[in-house]
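# Survey of secondary and tertiary structure
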Amino acid sequence: MLLYNLRLAWKSVRRHPVLSTLIVLGIALGVGVSTTFITAYHVLASDPVPGKSGVLHYVRMNSWGLPDSPFRDGPPPQLAYRDVREILKSGVPARSTASFPSRMTVFPPNAKEQPFRESVRLITSDFFPMFNVPFRYGGPWDRSADAKPEAVAVISSALNDRLFGGRNGVGRTFRLDDRDFRVVGVLDRWRPRVRAYDMVVDPLGEPEAVFVPLEWAGPMEVSPTGSQSTWRSPEPGEEDLPFIDRLVLGEVLFIQLWVELPDQARVAAFESYLDSYVAEQKKLGRFPNKPDNRVTPVLDLMTELRVVPPQTKALAAISLLFLVVAALNLIGLFLGKFLARASIVGVRRALGASRWTIFVQHLVECELMGLVGGSLGVLLSLGGLAILNRVYGDGPDGVAFFQLDVPMVFAAIALSLAAGAIAGIYPAWRICAIPPARHLKNQ
Amino acid sequence: MLKMDNVTKIYRMGMVETRALRDFSLEVEEGEFVTITGPSGSGKTTFLNVSGLLDAFEQGHYWLDGMDVSRLSDREMSRVRNEKIGFIFQSFNLIPDLDVFDNVDVPLRYRRLGARERKERIERAVAQVGLSSRLRHLPSQLSGGQQQRVAIARVLAGDPKLILADEPTGNLDSGMAREIMDILEQVNESGTTIIMVTHNPEHAARAHRQLHIADGRMVDLERIAPFPLNRPESRQAAS
């Protein structure tokens, strides 16, 4: 019966081409707009580290040293260098990494080329497996290179192309500020929708071009470019201390710490370790405020920090309302279309069609037009997403940021069916509810 | 076949009530050919609509083929219409964008018959009315008489027990009208009960029984021919 109803629906569509086109365009516009904005929300709100988000935890402690804290909703979002160094040595997490962003000058191997400033992130080697970072050539440096530290670097695919003309740059060196770094890995195309490793400062930014061991912060006197805060004023004479000592003494909070805790037992062990660490620091005169340790999984942190801009959610909701309004406006068109052939409905009723059969027949027609409009809407949404990608900017290797994935295509189909139902249920009910004798009288 | 007992049908338009059928009682035997005459607005079409379960009635009882159909659900009424009743209308009521085959197919679709059985029934019924060569013609490509024959084929394909015909020859010239009446007589001879509304006295006289309705009541009953009957002789005698 469904095929029969689809055939009747198609005949009806062809019988009223102008009206049908108007209805299809109305649904297409509604589905196109809503699919575009829901996709944008879906992309931003989706799991940024699939498969790992449950085990990666962001670490915070209340290390603020003054009674009044500017952080009203909890502990400071970043940690001090000295605390991070200690926690990294704890050995409790399966993996751990601390990082902060900076900018440095890259000197190309070809001396004729101009040096240029590039984004750099100082990390530990666990960073790469923790955040599923893909490699085109080579791989991460060894853990031993973190401690020394060795002058090794992982660079982006784009920087590799720029420095080494697209050839494999692993094993080659380039100068970063004042020293030479050996390339051990070149990243593959990598444009995470949300930078899970930096949700505090710039979650929607592009990944850095250069990654080097964290311990270079001291020797190279690397200044962080991200957010930083401190509660302590330098005491006289501290300005003359080496950079690393100033970092340690200064209580500057600028590093983000992530740990990988594969199970609840490990989470509990790490929380216990943090409690002990804070208690120990209190004995040393630090951490004067009430302890507030937080070990937060990725998705919870995304929600807490409102990584997805609220406007995105609002736009998705408004676009859904737009679809509903578009569908409601189509009720009149469907009603006119159906009532115009009331006499045929009367004949069908006389020949044995029940009220339900007539209802389903007309609803199938609405859903068919909904699906045709929805298909057109998906094409429109591809255009809408292309505009968003142009505004937002593609990834460094031309990877589109907002893409329509399979779940969103299914969502678009569901929206089309919903629009067809919203527009069609009342007209279909009206036409099936009229007594058949009255339809026939109109013949 | 059909029995109505004090059926009353009222149309309400705001405060105005119109009694289209008043204490209407009638019994039609299985295999009978009954014609109904009466002035416009007398209740003929209302009677057909009520008989065909196309319209509800307020009072009384109605039995069709031994079944009390006074208070059936919409689904049950639809099934009875589909399986037991065939309608023939003055304006043919073919669906304009379906060809002959698909028009005849409509009631069979609602009966959920298999494709092969539907095809056999359609081809047999269309052959019976002499339109086998027009299976893929649209109604607009047929004459009025041919359209009415398609409507009859649609009824025949469903093999109903009762045919309700509302002025089936009203839109046809006399030659075509005679052809249609001949087909209806043949169908009746095969055992199908026919109730036909007509304004044409000649056609009315071809039935076993002629009823006259005025002001929603049965005012006259005339037995034209004995029933059961040997039709050819009795018809000639009646005319």
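Residues numbered from 1 in each chain as written. Chains lettered and ligands numbered in written order. Predicted model: local features only at pLDDT ≥ 70, side-chain atom pairs only at ≥ 80, totals over all residues.

This part covers the overall build of chain B. Counting secondary structure elements, chain B contains eight helices and 10 strands. In terms of overall size, chain B behaves like a compact globule, its C-alpha atoms giving a radius of gyration of 18 Å where 239 residues would be expected to give roughly 18 Å. For the C-alpha atoms alone, the extent of chain B along its principal axes is close to 50 × 45 × 30 Å. Looking at chain B alone, contacts between residues at least 24 apart form 69% of all its contacts between residues at least 6 apart. (Helix = DSSP H or I, 4+ residues; strand = E, 2+ residues; numbered from the N terminus. Rg over C-alpha atoms; globule rule 2.2 N^0.38 Å. Contact = placed C-beta atoms within 7 Å.)

Turning next to the overall build of chain A. For chain A, the helix and strand inventory stands at 14 helices and 11 strands. Relative to the globule expectation of 22 Å for 443 residues, the C-alpha radius of gyration of chain A, 30 Å, shows a markedly less compact shape. Taking the principal axes of the C-alpha coordinates as reference, chain A spans close to 100 × 55 × 35 Å. Taken across its 443 residues, chain A has 43% of its residues classed as buried. Counting contacts in chain A only where the partners sit at least 6 residues apart, residues at least 24 apart contribute 80% of the total. (Buried ≥ 20, exposed ≤ 12 C-beta atoms within 10 Å, placed from the backbone.)

What follows covers the domain arrangement of chain A. As a measure of interface size, the accessible area lost when the parts come together is often cited. Domain boundaries in chain A define domain 1 (2–48 + 309–441) and domain 2 (62–292). If you average the C-alpha positions of domain 1 of chain A and of domain 2 of chain A, the two centres end up 49 Å apart. (Domains from an automatic or database assignment.)

With that out of the way, let us pick up the nonpolar core. Residues Ala 153 of chain A together with Ala 153 of chain B are the most contacted members of the largest nonpolar core, which totals 179 residues. A per-element tally of this core places helix H2 (residues 17–45) of chain A first, with 11 residues. Structurally, this core is a two-domain feature, drawing no fewer than three residues from each of domain 1 (2–48 + 309–441) and domain 2 (62–292) of chain A. For Ala 153 of chain A, the residues in contact, after removing those within four places along its chain, are Leu 176, Phe 181, Val 183, Val 210, Phe 211 and Val 212 of chain A. (Core = buried A, V, L, I, M, F, W, Y, C linked by C-beta atoms within 7 Å.)

This part covers helix H10 (residues 310–340) of chain A. Residues and elements named next belong to chain A. Spanning 31 residues, H10 covers 46 Å between terminal C-alpha atoms, matching the ideal 45 Å at 1.5 Å per step. Its axis deflected by about 25° at Leu 330, H10 carries its strongest bend there. Listing the buried residues of H10 in full gives Ala 316, Ser 319, Leu 323, Ala 326, Ala 327, Leu 330, Phe 334, Lys 337 and Phe 338. (Expected span 1.5 Å × (residues − 1). Bend = angle between axes of the 7 residues up to and from the residue.)

Turning our eyes to something else, we now look at the interface of chain B and chain A. With 19 residues of chain B at the interface, the matching set in chain A holds 19 residues. Broken down by element, the side of chain B that touches chain A gets its largest block of residues, five residues, from helix H2 (residues 74–84) of chain B. In terms of residue class, the side of chain B that touches chain A is made up of six nonpolar, six polar and seven charged. (Nonpolar A, V, L, I, M, F, W, Y, C, P; charged D, E, K, R; others polar.)

Across residues other than glycine, the phi torsion is negative in most instances, and most of the peptide bonds are trans. In the segment running from Lys 148 of chain A into Pro 149 of chain A, the intervening peptide bond is cis, with an omega of -15°. By secondary structure assignment, the location of Pro 149 of chain A is in the loop between helix H5 (143–147) and strand S6 (152–155). At Asn 93 of chain B, a residue that is not glycine, the phi angle is positive and equals roughly 55°. Along the chain, Asn 93 of chain B turns up in the loop between strand S6 (85–89) and helix H3 (100–110). With phi around 45°, Glu 167 of chain B is a residue other than glycine that occupies positive phi space. Mapped onto the elements of the fold, Glu 167 of chain B is located in the loop between strand S7 (162–166) and helix H6 (174–189). Judged by C-beta crowding, with 20 C-beta atoms within 10 Å, Glu 167 of chain B ranks as buried.

Turning to the pairing of strand S7 (residues 173–176) of chain A, a few remarks are in order. All names here are of chain A. Only one face of S7 is buried, namely the one carrying Phe 174 and Leu 176, since none of Thr 173 and Arg 175 on the opposite face is buried. With two bridges connecting them, strand S3 (residues 95–107) and S7 associate as antiparallel partners. Looking at S7, one finds that Val 106 is bridged to Leu 176. Note: S7 against strand S8 (residues 179–187), four bridges, orientation antiparallel. Bridge pairing links Arg 175 to Asp 180 in S8. Hairpin connection of S7 to S8: two residues between the antiparallel strands, including Asp 177 at a positive phi of 55°. (Pairing = 2+ DSSP bridges.)

All names here are of chain B. The four strands are arranged S2-S1-S4-S5 in an open sheet whose pairing can be described as antiparallel. The open sheet has two free edges, formed respectively by strand S2 (16–28) and strand S5 (67–68), since each of these has just one partner strand. For strand S4 (residues 59–64) and S5, the ladder comprises two bridges, and the chain directions are antiparallel. Along S5, the bridge assignment pairs Trp 63 with Asp 68.

Let's shift gears to the environment of Val 201 of chain A. Residues and elements named next belong to chain A. Structurally, Val 201 is set in the loop between S8 and strand S9 (210–213). The class for Val 201 is partly exposed, based on 18 C-beta atoms found within 10 Å. When neighbours within four sequence positions are excluded, Val 201 is seen to be in contact with Gly 226 and Ser 227.

On to the pairing of S2 of chain B. Residue and element names in this part refer to chain B. Relative to S2, strand S1 (residues 2–13) runs antiparallel, the two sharing nine bridges. Residue Met 13 lies in a different strand from S2, and its bridge partner there is Val 16. Between S1 and S2, which follow one another and run antiparallel, lie two residues, and Gly 14 among them has a positive phi close to 65°.

Moving on: helix H8 (residues 264–283) of chain A. Its 20 residues place the ends of H8 of chain A 29 Å apart at the C-alpha level, agreeing with the 28 Å of an ideal helix rising 1.5 Å per residue. Within two residues after H8 of chain A, Gly 285 of chain A carries a phi angle of roughly 95°, on the positive side.

Next up on the list: the packing of helix H5 (residues 144–158) of chain B against H6 of chain B. The axes of two packed helices give the description: the angle between them and the distance between them. All names here are of chain B. Put simply, H5 and H6 touch, their axes get as near as 10 Å, and they point 15° apart. Taken together, H5 and H6 sit at an angle that is classed as roughly parallel. Regarding H5 and H6, the two cross each other, and that crossing is right-handed. When H5 is examined against H6, the residues Gly 144, Gly 145, Gln 148, Arg 149, Ile 152 and Leu 156 are found in contact with a partner set consisting of Met 176, Glu 179, Ile 180, Ile 183 and Val 187. (Axes fitted to C-alpha atoms, helices over the stretch in contact; angles between N-to-C directions. Parallel < 35°, antiparallel > 145°, perpendicular 65-115°, else oblique. Left-handed = near helix turned anticlockwise from the far one by under 90°.)

Mapped onto the elements, Asp 55 of chain B comes out in the loop between helix H1 (44–51) and S4. For Asp 55 of chain B, a count of 22 C-beta atoms within 10 Å translates into the label buried. With sequence-adjacent residues up to four places away left out, Asp 55 of chain B is seen in contact with Pro 435 and Ala 437 of chain A together with Lys 9, Thr 46, Asn 49 and Val 50 of chain B.

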